[in-house]
Amino acid sequence: MITVHTKDQGSIQVDDGAALGEIARAHAGKQAGVIAARLDGNLCDLSVKPGDGAQVEFVTADSPEGLEILRHSTSHVMADAVKRLYPDTKLTIGPAVEDGFYYDFDTAHAFAPEDLPKIEAEMARIIKEDLPFVREDVSREEAERLFSEKGESYKLEILRELEPGPISIYRHGQFVDLCRGPHVPRTGGIKAFKLMSFAGAYWRGDEHNKMLQRLYGTAFKTKEQLDKHVRRIEEAKKRDHRRLGRELDLFSTSEDVGGGLILWHPKGALIRKLIEDFWRERHLENGYDLVFSPHIGRENLWQTSGHLGFYRENMYSPMDIDGQNYFIKPMNCPFHIQIFRSRQRSYRDLPIRYAELGTVYRYERSGVLHGLMRVRGFTQDDAHIFCRPDQLSAEVEGLIDFSVYMLRSFGFSEFDTYLSTRPEKFAGAPARWDAATEALRSGLVAKGLPFQVDPGEGVFYGPKIDIKVKDSLGRAWQCTTIQVDFNLPERFGVEYIGDDNAPHQPYVLHRALLGSLERFFGVLTEHHAGAFPVWLSPVQAVVIPVSERHVEYARKVRGEVAGAGFRVQADERNEKLGYKIREGEMQKIPFMLVVGDREVADGGVSPRTRGREDLKFMTIESFVSLLRERAVRPAPRRG
RNA sequence: GCUGGCGUAGCUCAGCUGGUAGAGCGGCUGACUUGUAAUCAGCAGGUCACGGGUUCAAAUCCCAUCGCCAGCUCCA
């Protein structure tokens, strides 16, 4: 007998030579569904036999790591199924990913939608066979022999790059794969899986390499969890901003206009206007100066800024004006710098903060265009801050506060924040990089914003902070970016006169809080599923007369509510009440005011809120004060 | 840009292995006079993305083009 220490059962006595699986069966008790274990801190298969005094923790598919193992095992089963159906297939890699797993194949067979059920059926067969997953540790030579016999050239390529030491392979049935493991004990342990989609993917993500075929799938511990996941995806589709954009008549794109170019319809434009008004007011309150700059600039400007050197491929072709080349701006920076340079600046003038809702145009490859999220023409909520070294920390902290305030004002509360540090190729002095990076880092710490460091992921001209928010499909979209720029001040000779009467180079910070109005509006639409907060709703209330004889009264109500400063319509169409209510719900209008005989007689309205909260009869005045309460804009930032 | 899929009425889609187009919603008109998520009826909408080809005959099969979608790649 030996002793192992478990987390749940404490120290237990087990037979010497017992595998973890047997121990789990004997001691994990109710905790059925153990699929792997953590032995002295490392994940391993249940076939492993622990030594005396080992620390053991059982892993189930309820934990994120357990789920990952389950999905990884399912990807092996899928690969097996594909090889059974299409024997010429070569295996490449098949990891678990955030919501499931994928496996990339090199095969002459082009996958089609009808293949997914076939592969699923084959997988079900493999699961029913309940084959054990068997790990073997082999020598590199043995592994090479095995995979070259099988013609698995990609596996050989991976093999050649692995660290020296024994190689682990996993088998189940006839299937064998190079794999680190661990895996569930048997294929029968997979209870709920589904293949989701297929797509092309380059070998090793490099577009110069061969395009492989990727199958995506997912697996869960139970059928219920899988169904829930599928329903969540369907729900997310309903929230797709492109769909809501059409249904709510917010925006569109047109083939005739061109891809990635947005047409803002009246309702979308109104929401945008409300966002812009809010944005401008808050910037003025927070010490920014508003500026405007042109859409095009001479070649020389972009030469000096360096954009023609390092950003040319994202810029559109120049236009000839009086023999001079002019370029449509992909960024606002050079213009703001020109405003700064338009006169001499004293250290007393700093910090200077120029803000502009600047519309820029960038070439994006056609395949990446996506609704409002990825476009070719967009308006950045841009600003450039010029400050002295002793002001840098305060500016960064102020920016972090301001960013979070803005995002929260629109209903976002979950952020993924990244700090990107100096890359291999960079401009500017290392000492300034270090100082700036430290200022960003300590700013994040001081403001208590959790973040992740992306080492070497900064842009060449300076370190940056990025804040991303997630959309309903779980994709993260970058909104806020706060970047220090060491390049432009250098290139344009930006300087101020210090208290020593000598010129100094200021720190230049480039930032966008919402990112682009287009993307932000897309994220906002999905976040609220089209049901915008009352202060942003294009139509805040609709008056619904019960029948034609109430139309006149409905107009009167509409007039009074509109007179109080609200966006209100009257639905005078010759339709039944239920029809108009339904329409109002689908248009996500926050308040519906039903007026019929009772309301006319008593001189009031019967409001119903979005989401079927039925309010009792009230006077028009009390409704207006209710609306005033619900439509309040986020309060200005304190301090 | 690459790989795959898809382009049929304003929208969502049907139209099997070729025989010159259909539904629901929406729109218009009329009837009904409506009490909290779809009243009924009639009518009008389509060069079946576009250009070639095969065929007696093409929405359907083939080729090219354009667009959209998913993913990859890219993303200052």
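Before any of the text, the structure's been laid out above.
Residues numbered from 1 in each chain as written. Chains lettered and ligands numbered in written order. Predicted model: local features only at pLDDT ≥ 70, side-chain atom pairs only at ≥ 80, totals over all residues. Heavy atoms only, no water.

Okay, the protein's contact with RNA strand B next. The environment of RNA strand B is formed by 50 residues, the closest being F310, M331, S366, F460 and N574. Taking the atoms of RNA strand B that fall within 4 Å of the protein, sugar and phosphate contribute 46% of them. One of the side-chain nitrogen or oxygen atoms of R242 is found 2.8 Å away from a phosphate oxygen of RNA strand B. Class assignment of the residues belonging to the surface near RNA strand B gives a composition of 19 nonpolar, 11 polar and 20 charged. (Near = heavy atom within 4 Å. Polar contact = N/O pair within 3.5 Å; in protein donor to acceptor, adjacent residues only side chain to side chain. Nonpolar A, V, L, I, M, F, W, Y, C, P; charged D, E, K, R; others polar.)

Of all the five residues making up strand β31 (residues 591-595), five are buried; the element is thus mostly covered by neighbouring parts of the structure. Neither face of β31 is exposed, since F591, L593 and V595 on one face and M592 and V594 on the opposite face are all buried. Pairing of strand β29 (residues 541-545) with β31 involves five bridges; the strand directions are parallel. Residue pairing in the sheet places P545 in a bridge with V595 of β31. The pairing of β31 with strand β32 (residues 604-609) spans four bridges and is antiparallel. Bridge pairing in β32 links L593 to P607. (Buried < 20%, exposed > 50% of the residue type's maximum accessible area, 1.4 Å probe, protein only. Helix = DSSP H or I, 4+ residues; strand = E, 2+ residues; numbered from the N terminus. Pairing = 2+ DSSP bridges.)

In this section: unusual backbone geometry. Of note, the bond from L350 into P351 is cis; its omega dihedral lies within 30 degrees of zero at 0°. By the secondary structure assignment, P351 is in the loop between α11 (333-341) and β20 (352-361). Not every positive phi belongs to a glycine, and D249 is a case in point at roughly 60°.

This paragraph deals with the sheet that holds strand β9 (residues 134-138). The strand order β9-β10-β11 describes an open sheet built from three strands, whose pairing is antiparallel. Of all the strands in the sheet, just β9 and β11 (175-178) have a single pairing partner and so form its edges. For this sheet the average axis-to-axis angle between neighbouring strands, irrespective of direction, equals 25°. Sheet analysis places strand β10 (residues 167-172) next to β11, joined by four bridges and oriented antiparallel. Paired with H172 across the bridge in β11 is F175. Along the sheet, helix α4 (residues 140-149) contacts β9, β10 and β11; its crossing angle with β10, the most-contacted strand, is approximately 40°. (Axes fitted to C-alpha atoms, helices over the stretch in contact; angles between N-to-C directions. Contact = heavy atoms within 4.5 Å.)

Taken as a whole, the largest pocket spans an internal volume of roughly 860 Å³. Surrounding the largest pocket, 29 residues form its lining, Y311, R362, Q380, Q478 and Q483 being those nearest its centre. Put simply, the parts of the chain that give the lining of the largest pocket at least two residues each are β21 (377-387), β24 (464-470), β25 (476-485), β28 (507-516) and α15 (517-527). Looking at which element gives the most residues to the lining of the largest pocket, the answer is β25, with six residues. Taken as a whole, the second largest pocket spans an internal volume of roughly 730 Å³. Contributing to the lining of the second largest pocket are 28 residues, with H72, L178, C179, R180 and G181 lying nearest its centre. Per-element tally for the lining of the second largest pocket: the top contributor is helix α2 (residues 64-85), with five residues. (1 Å grid on protein atoms, 1.4 Å probe; cavity = no way out; pocket = protein on both sides within 12 Å on 5 of 7 lines; lining within 4 Å. Points joined across faces, edges and corners; volume = space filled by probe spheres on them.)

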